[in-house]
Amino acid sequence: MPTALITGATAGIGAAFARQLAAEGFELVLVARRGERLSALAAELSVPVEVIVADLATAAGCDAAAARLTDPARPVDLLVNNAGRSLNRSFLRSTAELEEELLRLNVHAVLRLTLAALPGMVERRRGEIVNVSSVSGFAATMPGSTYPATKAWVTNFSESQAQLVREHGVRVMALCPGYTRTEFHEVAGIDMSHSPGWVWLDAGTVVRTALRDLRRGRLVSVPGWINRLAVFGMRHAPRRLLHRIARSARGRIGHEEQ
């Protein structure tokens, strides 16, 4: 039975990955900060589940997850780096502590766990990694926010590693969802009540698309035609036009801080 390790597994895309992979017969290692919610999800699933309570924004949390990924007696076949967060504040009103925590979780943890997993996968000549990025990483879509910059790093990092290891039978893919119905915006304190319903996808659809694209060997997965159209525009539209749209969209989605 293959094993998948999923970070940020208690809600949203992480929990959807857990349910989908359990349905496919994976044993699971679930990593998140909230132990009670991890245990509740584990009890819901019909496959063996190991729970690791860890805050990946800390060195100790990364150490715990990395130790599991490097255990030669219990290889992990699929790593899903899903844990991440945003800040509902502009850079001018932020603090060094908040921004460094954002980088530790969105960037450093992805780097650390990918580096922990890849050598063993290459040696075994099999394995897969999904790094959850974002459509927002394709342009400076949120004026004053550092979140898109962290996701731009995740996408480029994933594409680079995918090219490095694919000749060894290992797949790495960046998953770039757009608006997805999860707790993400609520936890960040971002008011999304003004956004139209048609821009949203559910987490299950995002995960099914991601796994399909991973198995097809794609390096980047963008679920949903609206998001693919948006990425095309961000890649090819004039920068001045993108900046104008970004300023307008930021106001529509209800950010209180500029």
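Parameters and conventions
Residues numbered from 1 in each chain as written. Predicted model: local features only at pLDDT ≥ 70, side-chain atom pairs only at ≥ 80, totals over all residues. Heavy atoms only, no water. Helix = DSSP H or I, 4+ residues; strand = E, 2+ residues; numbered from the N terminus. Buried < 20%, exposed > 50% of the residue type's maximum accessible area, 1.4 Å probe, protein only. Areas by Shrake-Rupley, 256 points an atom, 1.4 Å probe, with all protein chains shown as cover. Arc of directions from axis to C-beta. Contact = heavy atoms within 4.5 Å. Core = buried A, V, L, I, M, F, W, Y, C linked by side-chain atoms within 4.5 Å. Pairing = 2+ DSSP bridges. Right-handed = clockwise from strand over helix to strand, strands pointing away. Axes fitted to C-alpha atoms, helices over the stretch in contact; angles between N-to-C directions.

(A) How the structure looks around the overall build of the protein. Along the protein, the regular secondary structure elements total 9 helices and 9 strands. Looking at the protein as a whole, 50% of its 258 residues qualify as buried. Here the protein has roughly 12300 Å² of accessible surface; of this, 54% comes from carbon and sulfur atoms.

(B) Quick peek at helix α2 (residues 35-44). When α2 is considered as a whole, its buried residues turn out to be L38, L41 and A42. Along the axis of α2, the buried residues cluster in a sector spanning 100°; they form a single face. With respect to the buried face of α2, the exposed residues turned more than 90 degrees away are E36 and A43. Contacts made by the buried residues of α2 are with α1 (12-23), β2 (27-32) and β3 (49-53).

(C) Region of the structure containing the side chain of T114. Take T114: it is sitting in helix α4 (residues 96-124). Those residues in contact with T114 that sit more than four places away from it in its chain are L79, N81, I129, N131 and F157.

(D) Summary view of the nonpolar core. By size, the foremost hydrophobic cluster in this structure holds 30 residues, and its most contacted members are I6, F17, L21, L28, L30 and L78. Broken down by secondary-structure element, the contributors of at least two residues to this core are β1 (3-7), α1, β2, α2, β4 (78-81), β5 (127-132), β6 (170-175) and α7 (203-215). Here the element with the most residues in this core is α1; it accounts for 7 residues. Those residues in contact with I6 that lie beyond four places of it in its chain are G14, F17, A18, L21, L28, V29, L30, V31 and V80. Core analysis: the next-biggest nonpolar cluster, separate from the first, contains 27 residues, L5, A54, L113 and A116 among them.

(E) Structural view of the pairing of β2. In terms of burial, β2 is largely enclosed, as 5 of its 6 residues are buried. With 5 bridges connecting them, β1 and β2 associate as parallel partners. Bridging across to β2, I6 finds its partner in L30. For the handedness criterion, the β-α-β arrangement of β1, α1 and β2 is classed as right-handed. In this region the chain leaves β2, passes through α2 and returns to the parallel neighbour β3; the handedness of that crossover is right-handed.

(F) Molecular detail of the sheet that holds β1. Taken together, the 7 strands give an open sheet; going across it, the order is β3-β2-β1-β4-β5-β6-β9, and neighbouring strands pair in parallel fashion. With one partner strand each, in any of the chains shown, β3 and β9 (220-221) form the two edges of the open sheet. Sheet topology note: the β4/β5 ladder contains 4 bridges and is parallel. Its bridge partner lying in β5, V80 is registered against V130. Packing of α1 onto the sheet brings it into contact with β1, β2, β4, β5 and β6, and relative to β1 it is tilted by some 170°. In the packing of α2 onto the sheet, the strands contacted are β2 and β3, and the crossing angle to β3 comes to about 175°.

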